[in-house]
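So you can see what is in the structure, the chains are spelled out below.
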Amino acid sequence: MDCNCCSPQSSIPFDVGNIPGPESGRLVTPETIGRLIKSAKRPLLIVGAEILEDRMIERAIAIGKKGVPIAATGPAIRGFVEREYDGEVYYCQLHELTNCLLDPEWKGLDGKGSYDVVVFFGVTYYYASAMLSAIKNFATNPLIRGVSIDRYYHPHARMTFGNYGPKREEEYLRMIDKLIATL
Amino acid sequence: MDCNCCSPQSSIPFDVGNIPGPESGRLVTPETIGRLIKSAKRPLLIVGAEILEDRMIERAIAIGKKGVPIAATGPAIRGFVEREYDGEVYYCQLHELTNCLLDPEWKGLDGKGSYDVVVFFGVTYYYASAMLSAIKNFATNPLIRGVSIDRYYHPHARMTFGNYGPKREEEYLRMIDKLIATL
Amino acid sequence: MEEITGRFTIEGWENVQINIGEIVEEEEEWEPMGPYPFPKMADLRDWDFKLLNRYKPFYAPQCDVCALCTFGKCDLTGNKYGACGIRMDAMQGRIVLLACLVGCSAHTAHARHMIHDLERKWGLDVPFDLGTEINVTAPLTQLITGIKPKKVRDFLPVLDYIEENIVQLADALHTGQEGSYLDFESKALQMGMLDSLGKEVADMIQIAYYNMPHGESNQPFFEVGMGTIDTNKPTIIVIGHNAPPSFDIVDYLMENGLEDEVELGGICCTAIDITRKYQKAKIASALGRQLRVVRAGFADVIVIDEQCIRADILKQAKAVGSPVICTNDKAMHGLVDRTNDDPDAIINDLVEGNVPGVVILDPFKVGRVAVEVARKIHPKRAKKEYILSDEAFERWLGECIQCGNCTFACPQGLKIGSANKKALEGDTEPLAKLFDQCVGCGRCEQVCKKHIPIVDLMVKAARPIIEKEKGKMRAGRGPVRDTEIRQVGAPIVLGTIPGIIAPIGCGNYPNGTEDVYTIVNEFASRGYIVTLTGCMAIDAAFWLDDEGKSVYERYPDDFDKGCVLNIGSCVSNAHIHGAAIKVASIFARRQIRANYDEIADYILNRVGACGVAWGAMSQKAASIATGFNRLGIPAVVGPHGVKYRRAYLGRRDLPEKWKVYDVRNGEEIQCEPCPEHLIVAVETIEECLPMMAKLCFRVADTPPGRQIKLTHYIDLSMKYLKVMPPDWHLYVRSEADLPLAKKEYYLKLLEDEHGWEIDWEKKKIVSGPIKGVDPSFNPTLLERLLPERR
Amino acid sequence: MEEITGRFTIEGWENVQINIGEIVEEEEEWEPMGPYPFPKMADLRDWDFKLLNRYKPFYAPQCDVCALCTFGKCDLTGNKYGACGIRMDAMQGRIVLLACLVGCSAHTAHARHMIHDLERKWGLDVPFDLGTEINVTAPLTQLITGIKPKKVRDFLPVLDYIEENIVQLADALHTGQEGSYLDFESKALQMGMLDSLGKEVADMIQIAYYNMPHGESNQPFFEVGMGTIDTNKPTIIVIGHNAPPSFDIVDYLMENGLEDEVELGGICCTAIDITRKYQKAKIASALGRQLRVVRAGFADVIVIDEQCIRADILKQAKAVGSPVICTNDKAMHGLVDRTNDDPDAIINDLVEGNVPGVVILDPFKVGRVAVEVARKIHPKRAKKEYILSDEAFERWLGECIQCGNCTFACPQGLKIGSANKKALEGDTEPLAKLFDQCVGCGRCEQVCKKHIPIVDLMVKAARPIIEKEKGKMRAGRGPVRDTEIRQVGAPIVLGTIPGIIAPIGCGNYPNGTEDVYTIVNEFASRGYIVTLTGCMAIDAAFWLDDEGKSVYERYPDDFDKGCVLNIGSCVSNAHIHGAAIKVASIFARRQIRANYDEIADYILNRVGACGVAWGAMSQKAASIATGFNRLGIPAVVGPHGVKYRRAYLGRRDLPEKWKVYDVRNGEEIQCEPCPEHLIVAVETIEECLPMMAKLCFRVADTPPGRQIKLTHYIDLSMKYLKVMPPDWHLYVRSEADLPLAKKEYYLKLLEDEHGWEIDWEKKKIVSGPIKGVDPSFNPTLLERLLPERR
Ligand code: SF4
Ligand code: SF4
Ligand code: SF4
Ligand code: SF4
Ligand code: SF4
Ligand code: SF4
Ligand code: SF4
Ligand code: SF4
């Protein structure tokens, strides 16, 4: 297992003061998250503005092509339009989307029901963190697992990677590729 | 190294909600704390009421006999009186003591200066935690290291053990013995 | 001036409407006006800075981060600065100010709320008639505002003043304001002072409107304890602090001759307040056992008003089928406001269980609904049993896997798992013992993976104890009489009475309620005056001596040596400040009008009073303690009190902090470190008792006074800690200060251990003390009182 | 009534003192009294519950624990209950109420403080003379209290009311009170309403006392930007919100003919307020650049009053040798209060550097001290250089090891290390670019192990930009005139004016100040009315178009189509509420007196206004937004706004939430989901613009109005997000609502994508819309307005 949980840097939230309660995000491997997504009944990938950065959108699309529906928030949708992505992608305002996720009766983006695993990718750090917190605190029955596959340690996520600074960019991208391979 | 830092139970504070800021206590071995005390210029053992519980006071006295001065808070002093301990022990009110520790000019209990490593042992959990927090936050110049050798994970300590429930009592006592052996 | 009210027309001025009631009456010149009428936050800052210089704020942050604005969260660890430029120390001061704000607002809003409710029925001109033995009717109001109120109306400008200044102080909490922790503390002290004033207004108003006791001694007894409730009768449980709706229940019961048919019990201050008039009411418990009283299920209806009510009351009451009536807009719990509905419809809906509860905001509409709901629902509910059966008890015990989750979640760290194991093996004592240590919070149950009703297990195990927990308490007597002050002024200064001990506040005790009894009994038996209010007043009644007597039965309730007084509810607390102020006013003939700093200075240097909030929990307890502190009265809190984050601690090893002026000549004098702290948290009861004795020392003590105080200090230390106090010698000014019994022994100790020079022939101290005794020494911290300044 | 004041004696009643000034005048019967004069917290709860039912509070906790009492810390994760019985959702509501309390108190205390200071000089009978074009002088005061004020004195009962009710609400924050998040939210909405009222009082008072503009258009210009300060002159920088001390500086400058000799610059609202009278003053920056203005070192003296001042101002000012004058008791920073000292002694101490600063609490004593200190100290200070030298810049860049600590600490997550690296390699652009994104908090510098002065590096790199940052802003015009409302009422309803956009609040933008310009320019160019206050009003002025014009130069400042108005400081914000109320009062002839819910209902259903606080940071911003919300005006916040924890979000997929009554017949009608949210945080500017356009939809829109609103909504979405809004069709009621240009295309879309039935011959919609258009449709949420209830 290549988790970094004994390295202090990894388990400090990216926004240093952003400590939650005792339920801190579990530091896991890409394969673990991959398996979680694969075993989910209704997974959802939520992508944000940072997806438009170098070499990110391709990976979001690769996840989508494995059959995971995508909620593209904010300008992220642009990337999919420009690339003429033909998979299942919806434009969503993230605040609205998260609000819906909290409702057990919600019908989902495709009218077929809500989600059990939602994966955050490229959403502005503090915004994602707040949404993950909402999910963790209120989407408990039925349980929705909010996870992050960003390059930050996300304490409000159920599963998360550690912090990957600019020097570890390649390492991080390889992790995403490993995750994709697991799906 | 027998630290338990990858076991989630160990790094949850004993008082579950008692999370501090990003500077959480480091989970270490008894030997590590032993070496810290040994290398300290001016160590101080602060003992509290729980020291009067089964098989604790002997161990405090054993530490004292290795040359570490003891500040006995509250009724803890009774144990030393009853046992006619002849080492360096002072009765202290812990709030007052900690207040003094925050003053770089403080002359110490023996008039020879303040301390650089203070070790908490048997002080009521939440009280100790608050005092360790005061030390961590304000006794920075010169630096005083507040550490705990209690059976709890102490997030405000610089070094601490994990949580040892009733089932792991013996294991905990062996750790203290190991620490004593290191001195 | 003859009283003229109503509307008049004056010839030629037909269009001028003169409303005599609105004319501001010239204030009676009862004393010349002092320097600080209606002080704003900067006015008493010099006094605060004197206190803060000696008693430097000590901070133990609970949280290293701040999240009060969207720049956050900010990591303040290591006294770092947040994004707004605030640093950890100032941030802690800010949190303290916030706590005091909430506490002070609770007391003040309560006073205002009562006036609004009661003036509709009885008007604003209800006079204060405190009898012939009280002339200083409202010491805090007179001290702080300069007003000497004669009727309810006179308090209106006082409330305006408090509200305006609370808002001024709340402003200072905004991001990007104060940057100095000292100024935050000065503001917190101002808030504490306003809190004390708000409490006085609240209690005086209810004394006036409900003609509660005016300080008479020998108050009647009533019963305390869950075991005293006759569950065979329809039972109403009232919870909170704002008594008018509960008084309406009392009125309805009495008007309809139902006093013996319906049980009226209560929790916390509303209960204390109704027993000041109606001793058939019973106090079921203080705050700490609220959950357990509700869970016990005997309440046929629960009436809540405001403050210290479980926020999940609706859920808990629902579980045992008790309907809830909310009577205050501060706590409406999402229920429908039925204030203007037909009472019969409301009664019906509650009895039939159509709704879990209702809101009724008019106190004069509560009595009938509450009583009739209790009477109608009682026969239905009585059939149910809410205490666990023996079988269920066994079964749940068997479920426990000793995982320790509950212990990790418990604020008290109680070891429930092992107690369960013992109980399963047949020994229920450890589990029963937890009952009193438990603060009834319910956190444990939420984390138990086996869904064990832990609180109910403890109730079951402790049931025999609970049934025996029946104490007697005296009705709250309210103010201390001027005549009493005339009696005790001299003994307090002379030392026959070593101090005034004031147990106050909430039930978050580290180790159960027994400590309350210990504190009260220990000090009363030593001749201190013990004045109680709020939850501690209630909890003191649970423990009985060998003769089966509670402290209230054992000791008289005069304000005198060795007495134990139930002063009243939390707001009655103001009378303790009042007593200290009256010592200055009546005994020492100081002018109190708008003269806060001089009187606080007097009290700090002369009146050996000490508060103790052994289970201080709430924001009110924070503001109460801070109000005591500004007036020069120290307070001790139990170990949970460290969570308030701030203490005011003196340093006896720094002589430069312990200087006072002598008014006679303006000289600065080195003095003993007393009182050593203004607020301090102590860890155990064993430390608490000597600490409190120590905090009764005052620089102006006479030798007999100092001697008796020192005796108790040493004695309590030896008794509970088995050591001589490390600082006892600092309080010795001459051989006359030494405890009489072992005078030579102490002289020897001073010689041997402290290097003092002793003239053994004369049995006199030659050198050693910080200062000697000077009978006409006249200490002050205030430059403005010195000869050259006056 | 003729005005008679003073003291009189009436024959035969010689002892009766009649003080006419104290008589409560009969209130002019300007309108019949509505149902809710001076509403308390329960009075408008029905309205709140209607809003909260549709816009359910959404919580994103910042903290899973609570530590507000000594029972804590409590772990509330997963909506658990704390020891007091509060659970996570109610706890979040409690925190929101706390934030609104602090915000509301800041505005109200500011108003009260000004009255106290200014009445000493000018009395309380200063009239409001708002000219011939304003009859509804104080819309919020009239709406909420029923009072129509004519002079300063008339606001006293209004302030009493606000203060009393703030304290009532603060009481509800106490541990063991409210248990329902809905009731906490209702209380927060009450607090928001009080906040709006407090702001109106504050601004009306300063308008009256300082004769500020009364809503006149075509206000004069003044300069904005650090680059506009002439650092060769003695320079005074004022910071805060309470302008009287700064007006005293203005007076001193003018009385002594020093306007051209001394630079007077400011930060935040005090600066905005003085420029409403004195356009030689300059605004150096809004809050976001405060640290950088101070660090730049050109302030020869810094004068602070209250709110939004860096709490470490003393430390920062000391570092560049700028003395600080504190003029307000809320922010005294531990300095000595010199209010009653000899001004020359104070001046000398500050100039000589004997003290880092002083407190002067009398505003009328500030002017001379501040100006003379600046003049005397300037020659000494001018010699120093506080911007890094080229060498120091290089050296520090070389020190950076790209460790990333600063990035982890930065609230914006700015990548400083790599920018440093680039700068060292010769490309300073990335570092310079950070300058605008940085919110100037200083957290990065504290964690840099190399002690690199990061903020100073950015200032150095951005210096060429800063020097060019010179914009022009118009003086704050204050209220919207009744005559303007008469003009725009119809166009707003008809749709020629698609909405009112109100950028307000602080500078915690996610991506720098340019977004402010984008918002203003985008909407103004589309014909919306754009009204600005506070920091956003300032930041809007920094960006210039191709012709070098700021938005204030480019667009007129009438309250009319395509105009951009600087309304004024944060408290002037009340005039935006006022404009909406006036639409109801003047255009629709609704009675506003004590009629809050009806007017809020009118606004929610009819007035297409939307606030935007793109960088909402403070507690004031929280209470401002909440006050907008209760009045039926939605608000958008930037992404940092999620840290307020709560949003009010509608659900367009739940038809049952979108029902209104038709007043004509009392029928309940299914309607479009508009406005969809009351408060929502959006992530980027690209989402912000269409969201705001959407939130301008109202159920009562006429077809031309809806058509133009829909056009902009679709257009902004296509422009910034490159997609059709997913919900555009929900707003189509008939073909008349469709954008004219591509009507057929849209009909086709409705048919193809939404399955609507289209009559292609008539180009008409046959079925599909939620509801059709009915020109006399009269929507309301209030049962009390329905025929059978009236
Ligand atoms: S108030 Fe200050 S310390 Fe707290 S979050 Fe805001 S910027 Fe940070
Ligand atoms: S949490 Fe439940 S199962 Fe675990 S020890 Fe406590 S009572 Fe037993
Ligand atoms: S209810 Fe009692 S045992 Fe349970 S967590 Fe609270 S204090 Fe501990
Ligand atoms: S003493 Fe504390 S817990 Fe008891 S009623 Fe008063 S404030 Fe509440
Ligand atoms: S207020 Fe309630 S949730 Fe907060 S610490 Fe106290 S008991 Fe816990
Ligand atoms: S913290 Fe300092 S050294 Fe590290 S990257 Fe930032 S500026 Fe460079
Ligand atoms: S000062 Fe600027 S760069 Fe530094 S932490 Fe704050 S926002 Fe980030
Ligand atoms: S807009 Fe915000 S930051 Fe700016 S002055 Fe107003 S409250 Fe302060």
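Check the entry above for the structure.
The structure contained in this document is the topic of the report that follows. Here the structure is a predicted model, which is why all the values come from computation and not from measurement.

Observations regarding the overall build of chain C
Right, so step 1: Along the backbone of chain C there are 27 helices and 25 strands.
Right, so step 2: Computed over the C-alpha atoms, the radius of gyration of chain C is 27 Å, within 12% of the 28 Å expected from 2.2 N^0.38 for a compact globule of 790 residues.
Right, so step 3: Projected onto its principal axes, the C-alpha positions of chain C cover 95 × 85 × 60 Å.
Right, so step 4: Across the 790 residues in chain C, those meeting the buried criterion constitute 70%.
Right, so step 5: Counting 93 positive and 111 negative side-chain charges, chain C places the centres of these two groups 4 Å from one another.

Observations regarding the overall build of chain A
Right, so step 1: Helix and strand content of chain A: six helices and seven strands.
Right, so step 2: In chain A, the succession of α and β elements from N to C terminus is β-α-β-α-β-α-β-α-β-α-β-β-α.
Right, so step 3: Over its C-alpha trace chain A gives a radius of gyration of 15 Å, about what one expects of a compact globule, namely 16 Å for 183 residues.
Right, so step 4: Principal axes of the C-alpha set define a box for chain A whose edges measure 45 × 35 × 30 Å.
Right, so step 5: Within chain A, the fraction of its 183 residues that count as buried is 66%.
Right, so step 6: Expressed as a percentage of contacts within chain A between residues at least 6 apart in sequence, the contacts between residues at least 24 apart total 66%.
Right, so step 7: Accessible surface for chain A amounts to roughly 6,700 Å². Of this, 50% is attributable to carbon and sulfur atoms.
Right, so step 8: Of the charged side chains in chain A, 21 are positive and 22 negative; the average position of the first set lies 6 Å away from that of the second.

Observations regarding empty space enclosed by the protein
Right, so step 1: Volume-wise, the largest cavity comes out at about 710 Å³.
Right, so step 2: Listing elements by their share of the lining of the largest cavity, those giving two or more residues are β4 (65-66) and α2 (88-122) of chain C together with β4 (65-66), α2 (88-122) and α24 (619-630) of chain D.
Right, so step 3: Counting residues per element, the lining of the largest cavity draws most heavily on α2(D), which supplies seven residues.
Right, so step 4: By residue class, the composition of the lining of the largest cavity is 30 nonpolar, three polar and six charged.
Right, so step 5: Roughly 370 Å³ of volume is contained in the second largest cavity.
Right, so step 6: I95(C), A99(C), A622(C), Y644(C) and R645(C) are, among the 36 residues lining the second largest cavity, the residues nearest its centre.
Right, so step 7: Among the elements that make up the lining of the second largest cavity, the one with the highest residue count is α2(C) (six residues).

Points about helix α14 (residues 416-424) of chain D
Residues and elements named next belong to chain D.
Right, so step 1: Listed in full, the buried residues belonging to α14 are I416, G417, A419, N420 and A423. Burial along α14 is one-sided: seen end-on, the buried residues are contained in an arc of 165°.
Right, so step 2: Elements that come into contact with the buried residues of α14 comprise α12 (390-399), α13 (405-409), α15 (429-437), α16 (443-447) and α17 (454-468).
Right, so step 3: In the stretch just after α14, G426 is the one whose phi turns positive, near 110°.

Considering the site of ligand 5
Right, so step 1: Around ligand 5, a shell composed of 13 residues is seen, among which C66(D), C69(D), C74(D), C84(D) and R94(D) lie nearest.
Right, so step 2: Class assignment of the residues belonging to the shell around ligand 5 gives a composition of nine nonpolar, three polar and one charged.

A look at the packing of helix α15 (residues 429-437) of chain C against helix α17 (residues 454-468) of chain C
All names here are of chain C.
Right, so step 1: Where α15 meets α17, the closest approach of the two axes is 8 Å, and the angle between their N-to-C directions is 85°. Overall, the two elements α15 and α17 adopt an arrangement that is roughly perpendicular. Touching L431, A432, L434 and F435 of α15 are L457, M458, V459, A461, A462, I465 and I466, all from α17.
Right, so step 2: Classifying every residue of the contact of α15 with α17 by side-chain character gives eleven nonpolar, no polar and no charged.

Brief notes about the site of ligand 6
Residues and elements named next belong to chain D.
Right, so step 1: Around ligand 6 sit C400, I401, Q402, C403, G404, N405, C406, G417, N420, C448, I452 and I454, and that is every residue in its neighbourhood.
Right, so step 2: Listing elements by their share of the shell around ligand 6, those giving two or more residues are α13 and α14.
Right, so step 3: When the residues that make up the shell around ligand 6 are grouped by side-chain class, the tally is seven nonpolar, five polar and no charged.

A closer look at the relation of the copies chain C and chain D
Right, so step 1: With an RMSD of 0.0 Å, the fit of chain C onto chain D corresponds to turning through 180° and sliding 0.0 Å along the axis. When the rotation and shift are considered jointly, the pair of chain copies conforms to a two-fold rotation axis. Proximity to the rotation axis, assessed at the C-alpha, singles out E163(C) in chain C; its C-alpha lies 2.8 Å from the axis.

Focus: the environment of T780(C)
All names here are of chain C.
Right, so step 1: Relative to the helices and strands, T780 resides in strand β25 (residues 779-780).
Right, so step 2: Residue classification places T780 among the buried residues on the basis of a relative accessible area of 1%.
Right, so step 3: A polar contact is formed between the side chain of T780 and the side chain of D601, at a distance of 2.5 Å.
Right, so step 4: Only 3.0 Å separates the side chain of T780 from the backbone nitrogen of L782, close enough to count as a polar contact.

Remarks on the interface of chain C and chain D
Right, so step 1: Each partner contributes to the interface: chain C provides 103 residues, whereas chain D provides 102 residues.
Right, so step 2: Roughly 8,400 Å² of surface becomes buried between chain C and chain D when both sides are summed, with 57% attributable to carbon and sulfur atoms.
Right, so step 3: Of all residues in chain C, T70(C), F71(C) and H174(C) give up the largest surface area on contact with chain D, accounting jointly for 9% of the area buried on that side.
Right, so step 4: Joining chain C to chain D, the criterion identifies four salt bridges.
Right, so step 5: Note that E164(C) and R112(D) form a salt bridge whose closest N and O atoms lie 3.4 Å from each other.
Right, so step 6: The interface formed by chain C and chain D holds 68 residue pairs in polar contact (both at pLDDT 80 or more) in total.
Right, so step 7: For the side of chain C that touches chain D, the class distribution of residues is 48 nonpolar, 28 polar and 27 charged.

Some remarks on the side chain of E306(D)
Right, so step 1: Structurally, E306(D) is set in the loop between β10 (301-304) and α9 (313-319).
Right, so step 2: A distance of 3.3 Å separates polar atoms of two side chains, one belonging to E306(D) and the other to N242(D).
Right, so step 3: Discounting chain neighbours no more than four positions away, the residues touching E306(D) are D171(C), Q177(C), H110(D), G240(D), H241(D), N242(D), N328(D) and K330(D).

Here's the deal with the sheet that holds strand β21 (residues 668-670) of chain D
Residue and element names in this part refer to chain D.
Right, so step 1: Reading across the sheet, the three strands line up as β21-β20-β25 and stay open at both edges, with antiparallel pairing between neighbours. Strand pairing shows two members of the sheet lacking a second neighbour, β21 and β25 (779-780), which therefore form its edges.
Right, so step 2: Here two bridges tie strand β20 (residues 659-662) to β25, and the two strands are oriented antiparallel to one another. In the strand pairing of β25, D662 is matched with P779.

Quick notes on the sheet that holds strand β20 (residues 659-662) of chain C
Right, so step 1: A sheet is described by the order of its strands in space; here three strands give the open sequence β21-β20-β25 (chain C), paired in antiparallel fashion. Single-partner strands in this sheet number two, and they are β21 (668-670) and β25 of chain C.

Observations concerning the packing of helix α5 (residues 181-210) of chain C against helix α24 (residues 619-630) of chain C
All names here are of chain C.
Right, so step 1: α24 packs onto α5 with a crossing angle of 100° between their chain directions and a minimal axis gap of 7 Å. Here α5 lies roughly perpendicular to α24, going by the angle between them. For the pair α5 and α24, contact is made by S186, A188, L189, Q190, G192, M193, D195 and K199 and by S623, I624, T626, G627, N629 and R630, respectively.
Right, so step 2: Broken down by class, the residue content of the contact of α5 with α24 amounts to four nonpolar, seven polar and three charged.

What to know about the pattern of salt bridges
Right, so step 1: Summed over all chains, the structure comprises 146 salt bridges over all chains.
Right, so step 2: Put simply, E735(D) and K764(D) hold a salt bridge, and the shortest N to O gap is 3.4 Å. Of this pair, E735(D) sits in the loop between α26 (703-721) and α27 (743-754) while K764(D) sits in strand β24 (residues 764-767), and the two are 29 residues apart along the sequence.
Right, so step 3: By relative accessible area, K764(D) is classed as partly exposed at 40%.
Right, so step 4: One connected set of salt bridges, linked through shared partners, spans E96(A), R652(D), E676(D), K694(D) and D727(D).

So, how was this worked out
- Residues numbered from 1 in each chain as written.
- Chains lettered and ligands numbered in written order.
- Predicted model: local features only at pLDDT ≥ 70, side-chain atom pairs only at ≥ 80, totals over all residues.
- Heavy atoms only, no water.
- Helix = DSSP H or I, 4+ residues; strand = E, 2+ residues; numbered from the N terminus.
- Rg over C-alpha atoms; globule rule 2.2 N^0.38 Å.
- Buried < 20%, exposed > 50% of the residue type's maximum accessible area, 1.4 Å probe, protein only.
- Lys, Arg positive; Asp, Glu negative; His and termini not counted.
- Charge placed at Lys NZ, Arg CZ, Asp CG, Glu CD.
- Contact = heavy atoms within 4.5 Å.
- Areas by Shrake-Rupley, 256 points an atom, 1.4 Å probe, with all protein chains shown as cover.
- 1 Å grid on protein atoms, 1.4 Å probe; cavity = no way out; pocket = protein on both sides within 12 Å on 5 of 7 lines; lining within 4 Å.
- Points joined across faces, edges and corners; volume = space filled by probe spheres on them.
- Nonpolar A, V, L, I, M, F, W, Y, C, P; charged D, E, K, R; others polar.
- Arc of directions from axis to C-beta.
- Near = heavy atom within 4 Å.
- Axes fitted to C-alpha atoms, helices over the stretch in contact; angles between N-to-C directions.
- Parallel < 35°, antiparallel > 145°, perpendicular 65-115°, else oblique.
- Least-squares fit on C-alpha atoms with pLDDT ≥ 70 in both.
- Polar contact = N/O pair within 3.5 Å; in protein donor to acceptor, adjacent residues only side chain to side chain.
- Buried area = accessible area lost by both parts, 1.4 Å probe.
- Salt bridge = Lys/Arg side-chain N within 4 Å of Asp/Glu carboxyl O.
- Pairing = 2+ DSSP bridges.

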